[in-house]
Amino acid sequence: MPNDADSALSFEHALQQLEQIVTRLESGDLPLEEALSAFENGIQLTRQGQLQLQQAEQRVQILLSDEPDAALSPFTQGATNQNSKSL
């Protein structure tokens, strides 16, 4: 599970960390336990990034909608689960 520090990462910083993890995993030099830990961290970063992208997409859709009074609302986890199934 991501901790509070992980959830506060910017999208760009999380992506940079994910790229570093992929590079380490692709090297093939990590012991099994380290590789599993890095993979788990990578999955968490990926999920966090997907959530941030979905939230950004929702904001853009609202801003581009035909309803001038449409307000931005918090992105709910339930909506995330429905959207991630279609990915």
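Fair warning: this is a prediction, and the values are worked out from it, not measured in the lab. (Residues numbered from 1 in each chain as written. Predicted model: local features only at pLDDT ≥ 70, side-chain atom pairs only at ≥ 80, totals over all residues. Heavy atoms only, no water.)

### Digging into the overall build of the chain
In terms of helices and strands, the chain carries four helices and zero strands. Taking all 87 residues of the chain together, the buried fraction comes to 18%. Summed over all atoms, the accessible surface of the chain reaches about 6800 Å², with 54% contributed by carbon and sulfur. (Helix = DSSP H or I, 4+ residues; strand = E, 2+ residues; numbered from the N terminus. Buried < 20%, exposed > 50% of the residue type's maximum accessible area, 1.4 Å probe, protein only. Areas by Shrake-Rupley, 256 points an atom, 1.4 Å probe, with all protein chains shown as cover.)

### Focus: the packing of helix 2 (residues 11-27) against helix 3 (residues 32-64)
When two helices pack together, their arrangement is given by the angle between their axes and by how far apart the axes lie. Between helix 2 and helix 3, whose axes approach to 9 Å, the crossing angle comes to 150°. Between helix 2 and helix 3, the angle is such that the two are roughly antiparallel. Considering only the axes of helix 2 and helix 3, their crossing is left-handed. Every residue of helix 3 that contacts helix 2 at F11, A14, Q17, L18, I21, R24 and L25 is listed here: E34, A35, A38, F39, N41, G42, L45, T46, Q48, G49, Q52 and L53. (Axes fitted to C-alpha atoms, helices over the stretch in contact; angles between N-to-C directions. Parallel < 35°, antiparallel > 145°, perpendicular 65-115°, else oblique. Left-handed = near helix turned anticlockwise from the far one by under 90°. Contact = heavy atoms within 4.5 Å.)

### Points about the pattern of salt bridges
A full pass over the atoms with the stated rule returns one salt bridge. Two residues, R24 and E34, come together in a salt bridge whose shortest N-O distance is 3.4 Å. In this pair, R24 is assigned in helix 2 and E34 in helix 3, connecting sequence segments ten residues apart. When its relative accessible area of 38% is taken as the criterion, R24 is described as partly exposed. (Salt bridge = Lys/Arg side-chain N within 4 Å of Asp/Glu carboxyl O.)

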